[in-house]
Amino acid sequence: GNPPANAGAYDARSQNYDMLTRDSLNTGSTNTPGSSPQNQEVIWVFAVNNVSTPPIQGGLSDIGGIPDVTVTPPSTAKNVISVGATTKGEPEQIAAFTAFGPTEDGRFKPEIVAPGNAIFGATSQATYTQPLCGGCDPSNPVPPAYSNNFHLVGTITELYGPASGVHNLNYGTSFSAPAVSGGIQLMWWWFQNKFGMLQPSPAMAKAYLCNSARYIPLTNSLTGTGDRLPSIAQGMGPMDLTRMFDGIPRVLRDETTPRAVD
């Protein structure tokens, strides 16, 4: 398969999120900084896109395969944290569906990975409305995503979920990113209550997250060489909360004067 048309690109969306990381409060239609510029920080965590035709070898992502670059904006932004997915079991691997970097300007993406395969969670019990269509199979009035030559004639409302129970197994980078968001929230508490520091800036959050990650010993099947960090497949590796909160002394220096503490 071919990589996405904008794979690796740094576009206007990426630029906007980089700006919003530093200053999320903007005014006017041109995103003019607010009254306190660079003082409303936001830590953005993105799930890298899932790809339908990833580079795979035996069902697992193959580093160096074709196509390599599949990560798309806004995950290509410089200041955000982009998350890929790993599989469960031993040996741990990069999930076949997760997007690869690098970006067009050579930066590695994703920054970090977390489990995203066979994640157990609650199934929605909410009601939702789907369109009816004309010219479709009468026994299946809801048009599939690939249907052509149909027109909408109304809607139906049905309960989605009970047929498959209240729990389900799912996969995707959308299940990896929330785990990383939760880890960062714990880090937010740790800095203030254990280190006695101010909250970590978005830059420090990314740095500390990547510094405490661990390595997956992946091998490129095309070259036979081991994966090196930073990696276009695993970033700095899987998030590791044990290493993040191990209590081992570290030297930390954040980017702004009020936070700058050795």
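Look above for the structure.
Attention here is on the structure that accompanies the text. Please read these numbers as outputs of a predicted model, since none were measured by experiment.

**Let's talk about the environment of Leu209**
- Tracing the backbone shows Leu209 in helix H3 (residues 202–211).
- Separated by 32 residues in sequence, Leu209 and Leu241 place their C-alpha atoms 9.0 Å apart.
- In contact with Leu209, other than residues within four places in its own chain, are Ile81, Ile112, Val180, Ile184, Met187, Met239 and Met244.

**Looking at the pattern of salt bridges**
- All chains considered together, the criterion is met by seven salt bridges.
- A salt bridge links Arg13 to Asp11, with the nearest nitrogen and oxygen atoms 3.1 Å apart.
- On the accessibility criterion, Arg13 (41% relative accessible area) is partly exposed.
- The partly exposed category is assigned to Asp11, whose relative accessible area is 24%.
- One salt bridge in this structure joins Glu92 and Arg214, with 3.0 Å as the shortest N-O distance. In this pair, Glu92 sits in the loop between strand S6 (81–86) and strand S7 (112–115) while Arg214 sits in the loop between H3 and helix H4 (241–244), placing the two residues 122 residues apart along the sequence.
- With relative accessibility at 31%, the residue Arg214 sits in the partly exposed group.
- One network of salt bridges, in which partners are shared, links Glu92, Arg214 and Asp240.

What counts, and where the lines are drawn
Residues numbered from 1 in each chain as written. Predicted model: local features only at pLDDT ≥ 70, side-chain atom pairs only at ≥ 80, totals over all residues. Heavy atoms only, no water. Helix = DSSP H or I, 4+ residues; strand = E, 2+ residues; numbered from the N terminus. Contact = heavy atoms within 4.5 Å. Salt bridge = Lys/Arg side-chain N within 4 Å of Asp/Glu carboxyl O. Buried < 20%, exposed > 50% of the residue type's maximum accessible area, 1.4 Å probe, protein only.

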